[in-house]
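Listed here are the chains, written in short residue letters.
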Amino acid sequence: MRTRSNSGVRLDYYQRVVHKLILDHQQPVTGLFPASSQNDHAWIRDNLYCILAVWGLSMAFKKIADQDEDRAKTYELEQSCVKLMRGLLMAMMQQKDKVEKFKSTQHPLDSLHAKYSSRTGQTVVKDSEWGHLQIDAISLYLLILAQMTASGLQIVFSLDEVAFIQNLVFYIESAYCTPDYGIWERGDKTNHGLPELNASSIGMAKAALEAMNELDLFGARGGPSSVIHVLADEAQKCQAVLQSMLPRESNSKELDSGLLSIISYPAFAVDDPQLITKTRDTIVSKLQGKYGCKRFLRDGHKTPREDPNRLYYEPWELRMFENIECEWPLFFSYLILDYCFQGDKNNVTDYMQRLEKIMIRKDDGIKLVPELYAVPGDKAYQEQAEPGSQERIPLGRCPFIWGQSLYILGKLLQEGFLAVGELDPLNRRLCSEKKPDVVVQIVILAEDNEIRDKLLEHDLHVQTISEVAPIEVQPARVLSHLYTYLGRNKKLGLSGRKSRDVGILSTSKLYSLNERIFAFTPQFSDMKRFYIASDYELMIDMLKAEIYFLKSSWQNLLGRPLIILTLNQMYLDQGKIPMAMITTMKKLKSGYINGTRVTLGNLGDFLSTSAITNLSFLGSQEDGYPDKLNPQVHSYLEDHLLKSFSNKFSFLSRPTVARNSRMLRRRMSVRGAIKKTRSINVDSETLGMEGENVGPHLEKKASWLEMDPTYGRSPSPEITKKKAITKGTSTTSLGVVTPTIEISKEVTPPPQKTEAVVKNPPLRNRTISESQSIAYAEQETDELIAMLRETENLDEQGDILQYLVDTHGLEFATGMLENGKPVTVKDLLKALYEKACTQKLWGLVRHTAGMLGKRVEDLAKAVTDLLVRQKQITVGMPPNNEHTITAPLPENELRQLIHVAYGDDESTAMLTQELLVYLAMFIRTEPQLFLEMLRLRVGLIIQVMATELSRTLSCDGEEASEHLLNLSPFEMKNLLHHILSGKEFAINSAGRGNISIVSNKSTRYTKKSQIVLEGQGLQGTIDEAPIAEPDRQGQWLRRRRLDGALNRVPRDFYPRVWGVLEKCQGLVIQGKVLQQNLTQEMTSGELKFALAVETVLNSIPQPEYRQLVVEALMVLTLIVEYKAVDQLGGMITVEHLVQKANQIFLEDQMRCNGDATLCCAAGACGGALVCGGAAGVCQHLYDSAPSGSYGTMTYLARAVAGLLADHLPHLAPIECAIT
C-alpha cells in the first residue's frame, strides 16, 4: 500500500491536468464545453465523454478525503459534472416539442439537435443543415445520467424534468428500427446525408434503456413518482438486432471502431462473450495501425486525397482512400479501458505504451492526445503500396478532449485510484457473465367451472378466473393502454408513450396499483385479434416458442417470468378439450418443455417469486393527488374488467324456405365466386415466371395507390376490388381465371364495355346494357339474400356474399333487421367470418378476413423484425408484381401495399400477412434458417409452397392452391418451416382440406410429428409410404428450386463475387450489368454490394435457373481464388456459361446414351426442346448433383475453361480442384 501522501500528490497532479485541459474550458453560464477555442458549438456526445474524467477524478478524491480541502475538491468536481449534465438537459428541454413530434414520426427533421451553443444553450444550425438524428448521443446522455445518479450525484431536480427524461426514453425506444446519422454524424459512408441503421446507435440505446429501467432519478431521496419505467421488450428488440448485425456497423460500413464503445465501456451492450471477442478481434485485425485505429474502411476524412471544398464523396472516389485512412489514437483509449474492465494488466500496459508513444508533449510537460494521424500528401502512394510503412503527421484538435478524458480514466484505473465498479455503479459490465437457468412459471386459468371440470377429468387442477381474486387478470391490450399514461405532462405538452405494443417480457410480470395486483395474459393469446389466434395448435406452438424466448431473454431481469393462459370455449373441439392441448399441459406439469425448465401452479403460489412492477405513474401527480388514481384510468379499468364476449349474430340461421327452380339456377351461377379471385400460379414450367403471357395492363397496377378524388384517400381494398373487376384479365395469368364473376349472362356487367369505369371510378358511366343488367341484379338481390338464409353450407354463403360485395359493396343494406338496426353485407360477412373460425374452414376464414380488410395485429412489427435483421421483403407475385419493402412502414400503408400487390386476390393477400408473421417468429427463434438470404420474396415462397403441395399430393395447380389456402395456420407455419429448412416432408390427407405436414424420415413416419384428425385411421399413410422412393429423381431440381426461390446462396458468396468483378470488366446477367466500378464504390463485405448483386440475380424469373447462375459464379470465384489466371478479360455473360454447360452436357448424354436422349439430347442436332426445362436448359441437368463427373460443377467448369482458353497460361499444367 503506498503512503497517503504519495497518492495525494499523484491525484493533485491529475487534478491540475483535468483543470487545465478540461475544466478551464467549461462555460460558466451553461456548463457546456465548446468544441475548440475557435468554435463555440457544444456537441452532446463530446461533452459527455469530456466530463467522464472529471467524474472519475471526483470519486478518486472521495476515497482519500482525509483533509478538508480534499472534500472540497470532491464537491467542486462533482458539481462540475452536475452543471454539465443540467446544461445539456436544459438545452434539450428547450426542444421539448421535437421530442413530442419525433415519438410519432421518427423523422430526421423532427429530431433533437446534436449540438448547441456552449454560451447560450440555444440551437446553432437549422434542422435541415446538419445530420442531427444521432440516437447514440441521446442514449449516451441517458446512460451516463443513470450511472452518475446511481453513484450518488443529484442531477434531476423536479418532476417535470423526470417526465421529460421519461419521454427521452420513448425517444430512443424505436432505435432498433430507426436509421440515424450515427457516431460520426454522416450516415452512409459517401456522406450524402442518407441515414442508416447503425449498430453503435442500437447498442447505446439498449444500454440506456436497461440502465434507466426502474431508476429513481431523485436517488435515495426519491419516491414512486420519480422512477423511470422502461418496457423490457424494447431493450430486448435492440439486443436482437444488435446480435444479428455485429460485427457489421451498417449497410455501408462493414466494420467501425466506434463499436468498441458498445462491446465494452461505457455501454456493455452485448451479452454474448464470443460476439464481443469476435467484434474486438475484427476491429484490431482490420482497422488498427501504429497510431490508433481507422474509424472504418475507406474513410476519406482529412486524408490527403480528400477534396476539402465539399462535404460529400462521389461513390467512385472511395477506392482512393483505401489504406491511407486516418488513424485515431482515441481508440487506444477505448481498448485500454476495455482491458482494465477485463482485468488484463498486460494488454493495458501494452496499449498504454503504444498510446503514450504517439502522444504530444507540450512545454509544461503534459502529454496530449491528438485527434488523428494522417499520411502526408507526398507519401500517399508509398503508404498505399505498403500499408503502415510511412510516418504520419498529427492533424485536427490537440488535445482531443474526448480521447484525453478516456486516457485519464485509464490512468486512474491503471494506478489503482479507481476500481472498475466505481465507474460502473449499475454493474453493466456483468451482463455477459453466465447466469443460472431461467425457470418459467406457468398458470392456466379456466374461463368457467365447466372447463375447469373437463380439465379435472385429465388430472389437471386449475383455477377459474374468478377464483384467483384478489389478483385481476386482464388481456395485454389493457396494459398497453395503461402505459400510454406514462410520462404525460401538461406543462411541457408531452403526451406519454405512443407505441401500443407490449411484448412477452412485459406481460410476464405482475403489476401493483394502489392495493390491487394485476396479471396480464400475453399478447399472442388475445382472442379479439386475428384469426390465427383461433387455431389452438398454432397457439400451443407459439406458447412453446415464447417459453423458449423467455428462457434466453429474461437474463437481466428480476424474479421469474410468469405466463398466464386462459382457456375459453373457443378452444374446445366439439365440446371436448383437444388432445394436443392436454398433452402439452401434461408436459408443462412434468417441469420440462423444449429444453426449458417450467413450473405449473396456481397464481397465488407465484406471488413471492415473480417480478412486481408498481404502476405509480397512474396517480394524479399533476393535480397534486399522487396517491389517487387518475380519473380517466379509473373509468377505463371499470369498463374493461374482463367481459365475456359471445357471438351476437343470429341472422344467418333462419328457417329454411322451399327452394324453387329459379333459386337453383342462381345458386349454380354464383358458385365459385371466391375461387375466381385466386392468383396463385402453380405450373412447373412457369413457376414464378408468367412473364411471357402477361399483357401490358399490369404496368398500370401502381396507379391504384393514387388518391381517389371522391374518397380523398387511397382507395380501400373494397374499392380497388370494384375497380379491379373491370380490368378484363386477372392479376396473374393462370389461364383458368377470369376476374369477372360469371353469374348467368344477363347479370354480369360485360367487362368490355366498362373501360370508362377505370378512368373515372366514382362516376360509373353505365352503358345501357349494363344498367339493364344491374336493374335485373337488384330485382334478384332479395332472392340471393333469402337463399343466403336458407343454405347451411358456409362455402355457399361465402360465394353469395362475394357476389354481393362485388356488385353492391360492403355497406349495402340487405333489408334484414337485427335488434331494430339494418344489417349490411359487412355484418353478414363478419358473422360468416366468426362461424368459419369456429368451424375451422380456413380457406373461407382467410377470404372473408381479406374482404373485411382485417390485418394481422403485429404486421408492422413482423415486417420490422425482418427488416432490421437486414432482410428485405417483396410481396406480390413475381416477376411483374413484386413490391419491395426496404424500410419499416406503418400498418395501414403495409396492408394497402399488400392488397395492391395481389389485386383482387384477398385470400393470398391475407396469406401473405400471415406468412410474414410466421417468418418473423422464425427469425426471432431460429435465425440460422435465414443464413445467406438477403431478400424474402413472399409471393415466390407462396408459389413454391403450392408447387410442393401439388408435387406431394400429385394434383394439379388449382387443386394445390385450394389445399394451400385451406391449411390450418399451424400446418401453414409447419409447411413454411419445412420449406425454409429444406426438409423433405410427406402429407397426411385427412378428409376435406385437413392436411397435416409430416417430416419425412426415409419413409418411416414418426408418430410425434403426425397430427391425424379423429376418425381417420392411419391406413392412408401406409399406402403412401412407397411413393417416396421415385421422388429421388427430382431431388436436385427441387433443391435448386427451393434455394432459388428463397434466394439462398453459398457462404461468403457476395465477397467472392466482388473478387471476380475485380478481375473482369463486368458481369452480365439477364441483360443487367454488374459494373466493375462497384468495387471502387463498395468494400467486399459491404451489405450494399451484396444487395446490388442480389437485385441483378432477382431479375431471373425461374428459381432453378437462378441457382445454376449462382453455381456458375461460384466456379468463376474458384478460378480467381486459385489464381489460375491474372485477368478474366472483358464482360462475362454468365448465362452463356450455363447454356454452354448445357450444350456440353447434352453432347455427353448423346455419347453415353443417358436419360436426356429421351428429350433434349434427341434433338441436339438442332431440334426443339422437349422436356420444357426453364430457360432452355435440360431438366436432367437441373436434376444433376453438383459434384461428380456428371455433376453440374464439372460441366460449368468445362464451360468456363472454354471461355477462358485465351487467358490460361499455356505451358504450365493446370490443377483443377473442384470443391
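Residues numbered from 1 in each chain as written. Predicted model: local features only at pLDDT ≥ 70, side-chain atom pairs only at ≥ 80, totals over all residues. Heavy atoms only, no water.

Spelled out, the test is: UniProt positions are given in the numbering used here, feature names are shortened, and annotations may be inferred rather than shown by experiment.
Per an unreviewed UniProt entry, the chain carries the name Phosphorylase b kinase regulatory subunit and comes from Bicyclus anynana. The UniProt entry for the chain carries the following text under Sequence similarities (unreviewed entry): "Belongs to the phosphorylase b kinase regulatory chain family." UniProt, in the comment section headed Subcellular location (unreviewed entry), describes the chain in these words: "Cell membrane".

1. Overview of the overall build of the chain
Operational definition: Counting from the N terminus, the helices are DSSP H or I runs at least four residues long and the strands are E runs at least two residues long. Here the term buried applies to any residue with accessible area under 20% of the maximum for its type, exposed to any over 50%, and partly exposed to those in between, with areas from a 1.4 Å probe on protein chains only. It only takes one pair of heavy atoms within 4.5 Å for two residues to be counted as in contact. Each accessible area value is a Shrake-Rupley result obtained with a 1.4 Å probe; residue values ignore everything except the protein chains displayed when judging cover.
A count of helical and extended segments in the chain gives 43 helices and 31 strands. Burial statistics for the chain: of 1219 residues in total, 58% are counted as buried. Expressed as a percentage of contacts within the chain between residues at least 6 apart in sequence, the contacts between residues at least 24 apart total 73%. As displayed, the chain has an accessible area near 49500 Å², and 52% of this comes from carbon and sulfur atoms.

2. A look at the sheet that holds strand β26 (residues 935–937)
Basically, it comes down to this: In short, DSSP must find at least two bridges between two strands for them to pair. Under this scheme, a helix contributes an axis fitted over its contacting stretch, all axes are lines through C-alpha atoms, and angles between N-to-C directions fall in the 0 to 180 degree range.
Strand order in this open sheet of three strands is β25-β24-β26, and the pairing throughout is mixed. Strand pairing shows two members of the sheet lacking a second neighbour, β25 (883–885) and β26, which therefore form its edges. In this sheet, adjacent strand axes meet at a mean angle of 20° when their direction is disregarded. Two elements, strand β24 (residues 872–875) and β26, share three bridges in a ladder whose sense is parallel. Within the sheet, the bridge partner assigned to Ile 873 lies in β26 and is Leu 936. Here helix α29 (residues 859–867) sits on the sheet and contacts β24, β25 and β26; the angle it forms with β24, its principal contact strand, is near 130°.

3. Concerning the side chain of Glu 948
Relative to the assigned elements, Glu 948 resides in helix α32 (residues 938–953). Apart from the residues within four sequence positions on either side, Glu 948 is in contact with Ile 979, Phe 985, Arg 1038 and Leu 1042.

4. Brief notes about the pattern of salt bridges
To keep things clear, this is the line we draw: Salt bridges, as used here, are contacts in which a Lys or Arg side-chain nitrogen is within 4 Å of a carboxyl oxygen on Asp or Glu.
Per the stated rule, a full pass over the model turns up 61 salt bridges. Where Lys 63 meets Glu 422, a salt bridge forms, and the shortest distance between an N and an O atom there is 2.9 Å. In this pair, Lys 63 sits in helix α2 (residues 44–63) while Glu 422 sits in helix α15 (residues 420–423), placing the two residues 359 residues apart along the sequence. Each of Glu 173, Glu 234, Lys 237 and Arg 497 takes part in a single network of salt bridges with overlapping partners.

5. Focus on the packing of aromatic side chains
For clarity, the cut-off: Planes of paired rings set the category: under 30 degrees apart is stacked, over 60 is edge-to-face and the rest tilted, where pairs are Phe, Tyr or Trp rings (Trp by its six-membered ring) whose centres lie within 6.5 Å. Any Lys NZ or Arg CZ found within 6 Å of a ring centre and within 35 degrees of that ring's normal is scored as a charge over the ring.
Considering all chains together, one arrives at 24 aromatic pairs under this definition. Considering the side-chain rings of Tyr 13 and Tyr 14, the 5.4 Å spacing of their centres and the 55° angle between planes classify their relative orientation as tilted. Judged by its relative accessible area of 29%, Tyr 13 is partly exposed. Looking at Tyr 14, the relative accessible area reads 4%, which means it is buried. Every member of this aromatic cluster is reached through a ring pair, and the members are Tyr 49, Trp 184, Trp 328, Phe 331, Tyr 334, Phe 400 and Trp 402. Lying over the aromatic face of Phe 157, Arg 86 brings its terminal NZ or CZ to 3.7 Å of the ring centre. Above the ring of Tyr 625, the side-chain terminus of Lys 628 is found at 5.1 Å from the ring centroid.

6. Description of the sheet that holds strand β15 (residues 516–521)
In space, the four strands of this open sheet follow the order β11-β15-β14-β19, with mixed pairing throughout. In this open sheet, the two edge strands, each paired with only one partner strand, are β11 (471–475) and β19 (612–614). Ignoring which end each strand starts from, the neighbouring axes of this sheet average 35° apart. In this structure, strand β14 (residues 510–513) lies alongside β19, joined through three bridges in parallel fashion. What sits directly across from Ser 512, in β19, is Asn 614.

7. A short note on the packing of helix α19 (residues 536–553) against helix α20 (residues 579–590)
Filter applied, for reference: With respect to orientation, any angle under 35 degrees is reported as roughly parallel, any angle over 145 as roughly antiparallel, any angle of 65 to 115 as roughly perpendicular, and every other angle as oblique. Should the near helix be turned anticlockwise from the far one by less than a right angle, the crossing is left-handed, and should it be turned clockwise, the crossing is right-handed. Residue classes follow a fixed rule: Ala, Val, Leu, Ile, Met, Phe, Trp, Tyr, Cys and Pro count as nonpolar, while Asp, Glu, Lys and Arg count as charged, and any other residue, Gly among them, counts as polar.
The interhelical angle for the contact between α19 and α20, taken along N-to-C directions, is 20°, at an axis separation of 10 Å. By the criterion of interaxial angle, the relationship of α19 to α20 is roughly parallel. For α19 against α20, the interelement crossing comes out left-handed. In contact with Tyr 536, Ile 540, Leu 543, Lys 544 and Ile 547 of α19, α20 contributes Ala 580, Met 581, Thr 584 and Leu 588. Here the contact of α19 with α20 is composed, by residue class, of seven nonpolar, one polar and one charged.

8. Details of the side chain of Thr 1192
The condition that has to hold: Residues adjacent in sequence count toward polar contacts only when both atoms are side-chain atoms; beyond that, a polar contact is any pair of N or O atoms within 3.5 Å, and within protein one must be able to donate a hydrogen and the other to accept it.
Note on placement: Thr 1192 falls in helix α43 (residues 1192–1203). Look at Thr 1192 and you get buried, because its relative accessible area is 1%. At a separation of 2.8 Å, a polar atom in the side chain of Thr 1192 contacts the side chain of Glu 1111. Sequence-distant contacts of Thr 1192, that is, excluding residues within four places in its chain, are made with Arg 1040, Leu 1108, Glu 1111, Leu 1181, Ser 1184, Ala 1185 and Pro 1186.

9. Overview of unusual backbone geometry
Backbone torsion omega between Leu 246 and Pro 247 reads -5°, so that peptide bond is classified as cis. Here Pro 247 lies in the loop between α8 (232–245) and α9 (260–263). Positive phi outside glycine occurs at Asn 427, with the angle close to 60°. Among the secondary structure elements, Asn 427 is positioned in the loop between α15 and β9 (439–446). Residue classification places Asn 427 among the partly exposed residues on the basis of a relative accessible area of 38%. Positive phi values are uncommon outside glycine, yet Asn 514 reaches one of about 50°. Within the secondary structure, Asn 514 is located in the loop between β14 and β15.

10. Structural notes on the pairing of β9
The condition is simple: Classification remark: right-handed applies to a crossover when, strands pointing away from the viewer, the course from the first strand over the helix to the second runs clockwise.
Among the eight residues in β9, eight count as buried, and that is most of the element. The side-chain alternation of β9 yields two buried faces, one formed by Val 439, Gln 441, Val 443 and Leu 445 and the other by Val 440, Ile 442, Ile 444 and Ala 446. As judged from the six bridges shared by β9 and strand β16 (residues 562–567), these two strands associate in the parallel manner. From the neighbouring strand, Ile 444 faces β16, where its bridge partner is Leu 565. For the crossover that starts at β9, traverses helix α16 (residues 449–457) and ends in the parallel strand β10 (residues 463–464), the hand is right-handed.

11. Considerations on the pairing of β15
The pairing of β11 with β15 spans five bridges and is parallel. Bridge pairing in β15 links Glu 472 to Phe 518. Looking at chain direction, β14 and β15 are connected through four bridges and run antiparallel. Opposite Leu 510, over in β15, you have Ala 519 as the bridge partner. Taking the residues that link successive antiparallel strands as the turn, the β14-β15 hairpin has two residues, and the phi of Asn 514 there is positive, at about 50°.

12. Here's the deal with the environment of Thr 1192
A sequence separation of 51 residues divides Thr 1192 from Ala 1141, and the C-alpha atoms of the two residues are 7.9 Å apart. Polar side-chain contacts of Thr 1192 include one of 3.1 Å to the side chain of Arg 1040.

13. A few points about α19
For clarity, the threshold we go by: Each helix should span, by expectation, one fewer than its residue count multiplied by 1.5 Å.
An ideal rise of 1.5 Å per residue puts 26 Å on 18 residues; α19 measures up with 25 Å between its terminal C-alpha atoms. Restricting attention to buried positions, one finds in α19 the residues Tyr 536, Glu 537, Leu 538, Met 539, Ile 540, Met 542, Leu 543, Glu 546, Ile 547, Phe 549, Leu 550 and Ser 553.

14. Describing α8
Over its 14 residues, α8 extends 20 Å from the first C-alpha to the last, a length consistent with the 20 Å expected when each residue adds 1.5 Å. Counting buried residues in α8 gives 12 out of 14 residues, a clear majority hidden from the surface. Here the buried face of α8 lies against α6 (159–173), α7 (199–212), α9, α18 (504–507), α19 and α29.

15. As for the confidence of the model for the chain
Short version of the rule: The pLDDT value expresses, per residue, how confident the predictor is, ranging between 0 and 100.
When pLDDT is averaged along the chain, the result is 81; 83% of the residues meet or exceed 70. Low confidence marks residues 644–661, where pLDDT is under 50. Its contacts with residues over four positions away, or in another chain, come to 32 contacts. Between residues 684–773, whose pLDDT stays under 50, and residues either more than four places distant or in other chains, the model counts 144 contacts.

16. Side note on the packing of helix α26 (residues 794–808) against helix α28 (residues 842–851)
At their nearest, the axes of α26 and α28 sit 11 Å apart, and the two run at 20° to each other. With respect to each other, α26 and α28 are oriented roughly parallel. Crossing angle aside, the handedness with which α26 passes α28 is left-handed. Of the residues in α28, those in contact with Leu 794, Asp 795, Gly 798, Leu 801, Gln 802 and Val 805 of α26 are Leu 844, His 847 and Met 851. Class assignment of the residues belonging to the contact of α26 with α28 gives a composition of five nonpolar, three polar and one charged.

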